[in-house]
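Each chain, letter by letter, is given below.
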Amino acid sequence: MVMNTKKTSLFLLFLFTILCLVSCSNKHTPGNKAKATMEYLYQGDFEKYVDGVSFATDTTEENRTANKALLLSFMKEKGPELKKEKGEVKKIEIISENINLDKKTAKVVLKITYASGKSETENVDMKKIKGDWKIYLDK
């Protein structure tokens, strides 16, 4: 009887540990979303990049569609120049992630390291839109 209780306790502890690990590794954080969206930008997948961006002027679906089209056109034109100027990206790291008290906005700092060895930090404003974190462009 004591052996069964011990096995049951160990099994429950194991399940609890797994649940904690799963819940702590949330991929839907503003930092992870900012990193993924910026990776799309540097990989040249401008459609996915634009999908991860929200604009202050997105007051209607019509505005959102127009903003996305404008940004996509701009990125297709200027993106290759950016890649040529900066070089290949080796990795993007999340340096910090601060979610505001409203739980709807956040500030993320990313470190972008290029193949040349140079690196730079990028401050990214994030906003939760319909349950999904987006890079927020207010200009």
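Described in the following lines is the structure provided in the data block. (Residues numbered from 1 in each chain as written. Predicted model: local features only at pLDDT ≥ 70, side-chain atom pairs only at ≥ 80, totals over all residues. Heavy atoms only, no water.)

Next up on the list: unusual backbone geometry. Backbone geometry at Lys103 places phi at a positive 60 degrees, although glycine is not the residue there. Looking at Lys103, the relative accessible area reads 57%, which means it is exposed. Unusually for a residue other than glycine, Lys130 sits at a positive phi of about 50 degrees. Here Lys130 is to be found in the loop between strand S4 (119–129) and strand S5 (132–137). (Buried < 20%, exposed > 50% of the residue type's maximum accessible area, 1.4 Å probe, protein only. Helix = DSSP H or I, 4+ residues; strand = E, 2+ residues; numbered from the N terminus.)

All right, on to the nonpolar core then. Met38, Tyr49 and Met126 are the most contacted members of the largest nonpolar core, which totals 22 residues. A total of five residues in this core trace back to one element, the largest contributor, which is strand S3 (residues 105–114). Contact partners of Met38, with chain neighbours within four places excluded, come to Tyr49, Ile92, Leu110, Ile112, Glu122 and Ile135. (Core = buried A, V, L, I, M, F, W, Y, C linked by side-chain atoms within 4.5 Å. Contact = heavy atoms within 4.5 Å.)

On to the pairing of S3, then. Alignment of strand S2 (residues 89–99) against S3, held across nine bridges, turns out to be antiparallel. Within the sheet, the bridge partner assigned to Ile99 lies in S3 and is Ala106. Taking the residues between adjacent antiparallel strands as the criterion, S2 and S3 are bridged by five residues, where Lys103 takes a positive phi near 60 degrees. Pairing geometry for S3 and S4, over nine bridges, is antiparallel. Note on S4: the bridge partner recorded for Leu110 is Glu122. Two successive antiparallel strands, S3 and S4, enclose a turn made up of four residues, where Gly117 displays a positive phi of approximately 100 degrees. (Pairing = 2+ DSSP bridges.)

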